[in-house]
Amino acid sequence: MAEIIRSIRGMNDILPDVTPYWQAVEQTLKDVLSAYGYQEIRFPIVEKTELFCRSIGEVTDIVEKEMYTFADRNGDNLTLRPEGTAGCVRAAMQNGLLNQTQRLWYMGPMFRHERPQKGRYRQFHQIGVEAFGFNGPDIDAEMILMTARLWKQLNLTGLTLQINSLGSTDARLAYRDKLITYFEAHKGELDEDSQRRLHSNPLRILDSKNTAMQALNDAAPKLLDHLDAESKQDFEVLCQTLDAAGLDYEINPRLVRGLDYYGKTVFEWVTNHLGSQGTVCAGGRYDSLVEQLGGRGATAIGFAIGLERLVALLETTESLPEITGIDAYIVAVGEQAAKQSLLLAEQLRDAIPELKLITHCGGGSFKNQFKRADRSGARWTLILGDDEISQQVVGVKIMATGEQETIAWDALANYLNQ
Ligand code: ATP
Ligand code: MG
């Protein structure tokens, strides 16, 4: 026998017993986003490598070691998107959307060559949201309130909101020097990753997941104490708005985000129900990115939700959405009945478009077909055999009670509709 070809490590199949939950989650997210005036945008999964290098930043984890990059047949350097913001900005710019304000969302797979583990995969899915042309902090607050509503609509509790401000580029650069001085004075206590980042990306040291680095990071100078006046003012207004809306948050001075394009407001929603991969949603302002990619400056803010982690969190809290099952399953024994079952099914679908109806197909004994009907979770089993054909009726079995009735074909739609 030929050897079975298996999937790529870290790239998961999402099977039919789970996809209903994904669909329900996706639908809820879409409904809330649409209610806030966000519109869907779709753009390619593959982009020129340069787009990601220039936006995400050369010395980030993603660009340094996580991208799926390859030369296509023309020799062009292409990359499977590791995140959505870069492609979204590219598409919005290229199509002239940034001449006015935009509220956009997208959803789909992202690719990062990370070490696969629970909550961390090589192909994973995000729903991403971006708003362009709004200076904030009002839109920052709206976005954060909208994420809170997403959890509410999903019946999710146990998520904590963390916020921080990364300040202006200048403030960040000045702070960067202070941070380097501080960490240099404690060089012996830095782990290997942090040593490597000391001069390339010292802010990222603060984001270290190594608990041995925690005390050192806690005692480091705080960016919030070195903000420029505008960022400070905006952050205060943001906090006041969240306070007024009654939304709890923690100010986390170590929240820096891993991508280079962030400035001013950043936020994450975290949970401790998912082990170490506890960030379900992350985002922030990136006012300089559009210009960096060659566009006329448009301020921007966005966030992304990791759907694998969101679905996993729903599973732990038992607030999984209810999935509506099959309404009816037609069993049909005999050649005539098999044919008639298809015709009857089409008539029922004409009469009741939302009816969830399975015709057995493939023959077999009543006993076997009934087993299938039972497993389908259908509310009614409709029975067609030679007798029913000759009398133009169906047997209707109410699966919950086992009661059985006989209904004429032309009365069946009415019966199922009540
Ligand atoms: P982390 O610190 O966990 O690596 P990140 O800062 O790299 O996250 P972002 O680029 O901000 O993550 O992506 C937003 C969200 O997408 C994350 O909060 C997470 O929920 C999800 N996510 C990121 N990388 C992965 C992955 N490899 N597998 C599954 N989900 C992921
Ligand atoms: Mg990461």
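Starting from 1, residues in each chain are numbered consecutively following that chain's sequence as written. Each chain takes a letter, starting from A, and each ligand takes a number, starting from 1, following the order in which they are written. Predicted model: local features are reported for residues with pLDDT of at least 70 only, side-chain atom pairs are reported and counted for 80 or more only, and whole-chain, interface and lining totals are derived from all residues. With hydrogens and water excluded, all non-hydrogen atoms of the structure serve as input to the side-chain values.

## As for the overall build of the chain
And step 1. The way it works is that DSSP assigns letters per residue, a run of H or I at least four long becomes a helix, a run of E at least two long becomes a strand, and they are numbered from the N terminus. The helix and strand tally for the chain stands at 16 helices and 16 strands.
And step 2. For 418 residues, the compact-globule estimate of 2.2 N^0.38 gives 22 Å, and the chain exceeds it by more than 25% at 28 Å.
And step 3. In terms of overall dimensions, the chain has C-alpha extents of about 90 × 60 × 45 Å along its principal axes.
And step 4. The long-range fraction of contacts in the chain, counting pairs at least 24 apart against all pairs at least 6 apart in sequence, stands at 70%.
And step 5. For the area figures, the Shrake-Rupley method with a 1.4 Å probe applies, and any residue is considered shielded solely by the protein chains shown. In the structure as shown, the chain presents an accessible area of about 21200 Å², 47% of it carried by carbon and sulfur atoms.
And step 6. Positive and negative charge centroids in the chain, built from 43 and 57 side chains respectively, lie 4 Å apart. The size measure is the radius of gyration over C-alpha atoms, and the globule rule it meets is 2.2 Å times the number of residues to the 0.38 power. In what follows, residue pairs with any heavy atoms lying within 4.5 Å of each other are defined as contacts. Under this rule, positive means Lys or Arg and negative means Asp or Glu; His and the chain ends count for nothing. By convention, charge coordinates are those of NZ in Lys, CZ in Arg, CG in Asp, or CD in Glu.

## Quick look at the pattern of salt bridges
Here the idea is simple: oppositely charged side chains can pair when their charged atoms come close.
And step 1. The rule for a salt bridge is simple: a side-chain nitrogen of Lys or Arg has to be within 4 Å of a carboxyl oxygen of Asp or Glu. A full pass over the atoms with the stated rule returns 17 salt bridges.
And step 2. Residues joined by salt bridges that share partners form a network here, namely Asp61, Lys65, Arg197, Arg204 and Asp207.

## Some points on unusual backbone geometry
Apart from glycine, the bulk of residues carry a negative phi angle, and the bulk of peptide bonds sit in the trans form.
And step 1. Omega for the bond connecting Gly136 with Pro137 falls within 30 degrees of zero, at 0°, which places this linkage in the cis form.
And step 2. Within the element layout of this structure, Pro137 appears in the loop between strand S6 (123–132) and helix H5 (138–153).
And step 3. The backbone of Lys264 sits at a positive phi, close to 55°, despite the residue not being glycine.
And step 4. With respect to the helices, strands and loops of the structure, Lys264 is situated in the loop between strand S8 (250–251) and strand S9 (265–270).

## Points about the site of ligand 1
And step 1. Think of it this way: one heavy atom of a residue within 4 Å of a molecule or strand is enough to make that residue near it. Around ligand 1, 16 residues are found, and the nearest of them are Arg112, Glu114, Lys209, Arg257 and Thr279.
And step 2. Side-chain atoms alone can form a polar contact between residues adjacent in sequence; in general such a contact is a pair of N or O atoms within 3.5 Å, and within protein one must be able to donate a hydrogen while the other accepts it. At 2.9 Å, a backbone N or O of Tyr121 approaches a nitrogen atom of ligand 1.
And step 3. One of the side-chain N or O atoms of Arg309 is found 3.4 Å from an oxygen atom in ligand 1.
And step 4. Considered on its own, ligand 1 offers 580 Å² of accessible surface; in the complex 93% of this is hidden by protein.
And step 5. Looking at the shell around ligand 1, the elements that each hand over two or more residues are S6, strand S10 (279–285) and strand S11 (300–306).
And step 6. When residues of the shell around ligand 1 are assigned to their parent elements, the largest contribution, three residues, is made by S10.
And step 7. Counted by class, the shell around ligand 1 contains six nonpolar, four polar and six charged residues. In the scheme used here, Gly and all other residues not listed as nonpolar or charged are polar, with Ala, Val, Leu, Ile, Met, Phe, Trp, Tyr, Cys and Pro taken as nonpolar and Asp, Glu, Lys and Arg as charged.

## Brief notes about the side chain of Thr147
And step 1. Within the secondary structure, Thr147 is located in helix H5.
And step 2. Residues within four places of Thr147 in sequence aside, it is in contact with Phe267, Trp269, Cys281 and Phe303.

## Re helix H13 (residues 335–351)
And step 1. Over its 17 residues, H13 runs 25 Å from end to end, which matches the ideal 24 Å to within 8%, given 1.5 Å per residue.
And step 2. For H13, the complete set of buried residues consists of Ala337, Gln340, Ser341, Leu344, Ala345 and Leu348. For H13, the angular spread of buried residues about the axis comes to 145°, placing them on one side. In H13, the exposed positions angled more than 90 degrees off the buried face are occupied by Glu335, Lys339 and Asp350.
And step 3. The elements touched by buried residues of H13 are strand S12 (328–332), strand S13 (357–359), strand S14 (380–384), helix H15 (386–391), strand S15 (393–398) and helix H16 (409–417). The span one expects for a helix is its residue count, reduced by one, times 1.5 Å. Exposed residues in this analysis have more than 50% of their type's maximum accessible area, buried residues have under 20%, and partly exposed residues fall in between, with area computed by a 1.4 Å probe over protein chains only. The directions from the helix axis to the C-beta atoms form the arc being described.

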